[in-house]
Amino acid sequence: MVALLIEPAFHFQRRMPNLNSATSKISQPNSNTTTLDKITELCKQGRLKEVLQFLYITDSFIDSSAYVSLLQACIQKKTLPEGKLIHAHMNERGFMADRLLQNTLLNMYVKCLSLMDARRVFDQMPQRDVCSWTVMISGYSRQGPAEEALRLFNQMESTGVQPNTFTFSCVVSACANLASLKQGVEIHEEIIRRGFQSHLSVTNALIDMYAKCREMEKASQLFDKMHQPNVVSWTTLVSGYAHNKLIDEALKVFKQMPARDVYSWNAMIAGFARNGFIDEAAKLFEEMPRRDIFSWNVMMAGFAQNGLVDEALRVFSEMPQQTTISWNALIAGFAQNGHDGVALKLFYQMQLAGVKPDSKTFASVLPACANLTSLDKGMEIHDEINKRGFQSDPFVMSALVDMYAKCGSIQKARALFDRMHQRDVVSWTSMITGYAMHGYAKEALQLFEEMKCCGIIPNYVTLLSVLSACSHAGLVDEGYRYFNSMTEHYHITPSMEHYRCMVDLLCRAGLLDEAQNFIKNMLIQPDAAVWNCLLSACRMHNNVELGEWVAECILELDATSAAPYVLLSNIYAAAGRWGDIEKVRLMMKDRGIKKTPGCSWIEVNNQVHAFLGGDDSHSQTQEIKK
């Protein structure tokens, strides 16, 4: 027998409480009832603790099918501690060489969100079949890092194990989560070669992948070729259009659906909310024939994402059940939309309410600390993470790296990054961004090259940070090379932020004419922020003529912004053109435009205070002035 010893399982094997009183809780099987029948019946009733007590006080033989029933019950109840106890009992009885049991154990750990335990079992398996590989690929695809799902898929094929439909569905989902069009297309081609393209689950996964890679035309073509699309197919298409901000098309498909389930309604509500149509989302929410917990979470998060704090809290208070997921959605909604202080308060209220935070809670609240640059709060939460045993979770670790980096503790961020066993594109990007934002351009670019050598495919945020590093270091040629690689190597369409970064790079290098030509040749309409980069450079380099032209371009886009007026005034001041300054001031007065006051933040005794220029509303203003 091959014993697969998993340390976490043995930590639990001698901790069964009240074993002596177990007989009073469980009636012993009579002559007509076998041990297996008793275990199966208790599993069906979800009475796992009683089953475990029964196992540990009897020496009766049970076969592998009983263990399968026990593990399946753990999967249904999402009870990891009991699953580890069963694992320990299997080890003691020498059942760990049974392939079916190994795969069921893998599935239990994956479904109970313990990928590290699953991976230990997987790595020690002497032989793995397609089910073993697929369970692990599924786990990494859903829980991350998705890159590991793709790596395992390639490793599986190199060992001669043939993928099945579920394997392809999982690996395509991994490409979707990475928004990796190149790898998605390669997997699609293999699916066609192997003849799996007509399988419903595979096609649904492909539609989702193309949608998340912003290839809605391809996604729509796949849908149109389906002989009998099911409700999942329709819902995936609705979500795809909404994800790509094509809300009219999403609504059209939603209305055409021959049948809708609660997931279809949720997808459409989420689409409205995420695209700013919160009234439409609320109306659809009221029209729903049936709601589940996700419906409430979507509506609540939608209000939070659109800045409607009171409405989000109202929905939260009206929810029939407030789960950890609900708290997470509320905290994330506020943190992602600039209400970082509220997000932090909710985190503490959640604990006071007796709701235990999970890995997603910490991954949601840490960005609030990062945005507030509140290192003390971040360190306090880091201590809580260690106490609760989430220090190995890849999402939590990435959030910690990001928090320390944004709070200026680069060395601490790098130490955590180096300790990570599994790094996905998010963790690499967090560290690269940290280096770039604090002026460590050389370190940022070196880490980016390391990332590529590790086979990690950068996303649009990674490349934005790389371009920012080039800008701070004045690396014009490198900036152009990385910018061009977006479309040539990674099939990423540059966003406004990428263009803005390139303009900033050229302006910092004093190449104003080149920056002007670059803006003129942009594939998308430049926004005011892009022009403001060039206008700021005109002020720095005393280029009055170009500055006047750029200011006109900005005012055509947004005549209400104070920034171009202020910058143009500064350009005139540097040139000694006082009469023109007065004209600009009169223009601002006539149009009712006022300069936005400056704002500063300071953290004192774990509380962040904000101060606006000319604002005396702070409760301690008089003491501060003294």
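Quick caveat, the model's predicted, so the values are computed rather than measured. (Residues numbered from 1 in each chain as written. Predicted model: local features only at pLDDT ≥ 70, side-chain atom pairs only at ≥ 80, totals over all residues. Heavy atoms only, no water.)

Peer 1: Outline the overall build of the protein, supporting the account with residue identities and numerical values.
Peer 2: Along the protein, the regular secondary structure elements total 37 helices and two strands. Per-residue burial over the protein gives 49% buried out of 626 residues. Restricting to contacts in the protein with at least 6 residues of sequence separation, those with at least 24 account for 60%. Carbon together with sulfur atoms contributes 50% to the accessible area of the protein, which is approximately 30800 Å² in total. (Helix = DSSP H or I, 4+ residues; strand = E, 2+ residues; numbered from the N terminus. Buried < 20%, exposed > 50% of the residue type's maximum accessible area, 1.4 Å probe, protein only. Contact = heavy atoms within 4.5 Å. Areas by Shrake-Rupley, 256 points an atom, 1.4 Å probe, with all protein chains shown as cover.)

Peer 1: So what about the packing of helix α25 (residues 394–406) against helix α26 (residues 410–419)? Which residues, and what values?
Peer 2: Put simply, α25 and α26 touch, their axes get as near as 7 Å, and they point 165 degrees apart. The angle between α25 and α26 falls in the class roughly antiparallel. Both α25 and α26 take part in a crossing whose hand is left-handed. Contacts between α25 and α26 involve Met 397, Leu 400, Val 401, Tyr 404 and Ala 405 from the former and Ile 410, Lys 412, Ala 413, Leu 416 and Phe 417 from the latter. (Axes fitted to C-alpha atoms, helices over the stretch in contact; angles between N-to-C directions. Parallel < 35°, antiparallel > 145°, perpendicular 65-115°, else oblique. Left-handed = near helix turned anticlockwise from the far one by under 90°.)

Peer 1: An account of the pattern of salt bridges is requested, with residue identities and associated values reported.
Peer 2: Under the criterion given, the structure shown has 18 salt bridges. Among the salt bridges present, the one from Arg 314 reaches Glu 311, with a minimum N-O distance of 2.8 Å. Of this pair, Arg 314 and Glu 311 are both found in helix α20 (residues 309–318), three residues apart, which corresponds to roughly one turn of the helix. Of the charged contacts in the structure, one is a salt bridge between Arg 388 and Glu 384, with a shortest N-O distance of 2.8 Å. With Arg 388 and Glu 384 both in helix α24 (residues 375–388) and four residues apart, this pair spans about one turn of that helix. One continuous salt-bridge network, built from bridges that share partners, spans Arg 119, Asp 123, Glu 148 and Arg 151. (Salt bridge = Lys/Arg side-chain N within 4 Å of Asp/Glu carboxyl O.)

Peer 1: Can you break down α24 residue by residue, with the values?
Peer 2: Over its 14 residues, α24 runs 20 Å from end to end, which matches the ideal 20 Å to within 8%, given 1.5 Å per residue. Buried within α24 we find Lys 377, Gly 378, Ile 381, His 382, Glu 384 and Ile 385. For α24, the angular spread of the buried residues around the axis is 160 degrees, confining them to a single face. Immediately beyond the C-terminal end of α24, within one or two residues, lies Gly 389, with a positive phi of roughly 80 degrees. (Expected span 1.5 Å × (residues − 1). Arc of directions from axis to C-beta.)

Peer 1: Residue-level account of the packing of helix α17 (residues 262–274) against helix α18 (residues 278–287), with values.
Peer 2: Between α17 and α18, whose axes approach to 7 Å, the crossing angle comes to 160 degrees. When the axes of α17 and α18 are compared, the pair comes out roughly antiparallel. Crossing of α17 over α18 shows left-handed handedness. Every residue of α18 that contacts α17 at Trp 265, Met 268, Ile 269, Phe 272 and Ala 273 is listed here: Ile 278, Glu 280, Ala 281, Leu 284, Phe 285 and Glu 287. For the contact of α17 with α18, the residue count by class is nine nonpolar, no polar and two charged. (Nonpolar A, V, L, I, M, F, W, Y, C, P; charged D, E, K, R; others polar.)

Peer 1: I'd like to hear about helix α9 (residues 130–143), residue by residue, with values.
Peer 2: Spanning 14 residues, α9 covers 20 Å between terminal C-alpha atoms, matching the ideal 20 Å at 1.5 Å per step. Across the 14 residues that make up α9, a large majority, 11, are buried. As for α9, its buried residues are in contact with α7 (99–111), α8 (115–123), α10 (146–158), α11 (165–178) and α25. Residue Asp 129 occupies the N-cap position of α9, its side-chain oxygen lying 3.1 Å from the main-chain nitrogen of Cys 131. A positive phi of about 85 degrees marks Gly 144, the residue just after α9. (Polar contact = N/O pair within 3.5 Å; in protein donor to acceptor, adjacent residues only side chain to side chain.)

Peer 1: So what about the nonpolar core? Which residues, and what values?
Peer 2: Grouped together as the largest cluster of nonpolar side chains are 175 residues, with contacts concentrated most on Met 108, Met 136, Ile 381, Leu 400 and Leu 534. In this structure Ile 381 touches Leu 344, Phe 347, Tyr 348, Phe 362, Val 365, Leu 366 and Cys 369, once residues within four positions along its chain are discounted. (Core = buried A, V, L, I, M, F, W, Y, C linked by side-chain atoms within 4.5 Å.)

Peer 1: Give a detailed account of the confidence of the model for the protein, specifying residues and quantitative values.
Peer 2: Mean pLDDT over the protein stands at 82; residues scoring 70 or higher make up 78%. The model gives residues 1–33 a pLDDT under 50, and that stretch makes 65 contacts with residues more than four places away or in other chains. (pLDDT = per-residue confidence, 0-100.)

Peer 1: Let's hear about unusual backbone geometry: which residues, and what values?
Peer 2: Within the chain, Arg 214 stands out as a residue other than glycine whose phi angle is a positive 65 degrees. Along the chain, Arg 214 turns up in the loop between α13 (200–212) and α14 (216–225). Backbone geometry at His 491 places phi at a positive 55 degrees, although glycine is not the residue there. Considering the arrangement of structural elements, one finds His 491 in the loop between α30 (476–488) and α31 (496–508).

Peer 1: Requested: an account of the packing of aromatic side chains, with residues and values cited.
Peer 2: Tallying each qualifying case throughout the model produces 17 aromatic pairs. Ring centres 6.1 Å apart and planes at 70 degrees place the aromatic pair Tyr 435 and Tyr 440 in the edge-to-face group. Looking at Tyr 435, the relative accessible area reads 8%, which means it is buried. A relative accessible area of 37% places Tyr 440 in the partly exposed class. Of the aromatic side chains, those joined through ring pairs into one cluster are Phe 347, Tyr 348, Phe 362 and Phe 390. The ring of Trp 133 carries Arg 128 above its face, with NZ or CZ at 5.4 Å from the centroid. Lying across the ring of Phe 254, Arg 260 places its NZ or CZ 4.3 Å from the centre. (Phe/Tyr/Trp six-rings, centres within 6.5 Å; stacked < 30°, edge-to-face > 60°. Lys NZ or Arg CZ within 6 Å of the ring centre and 35° of its normal.)

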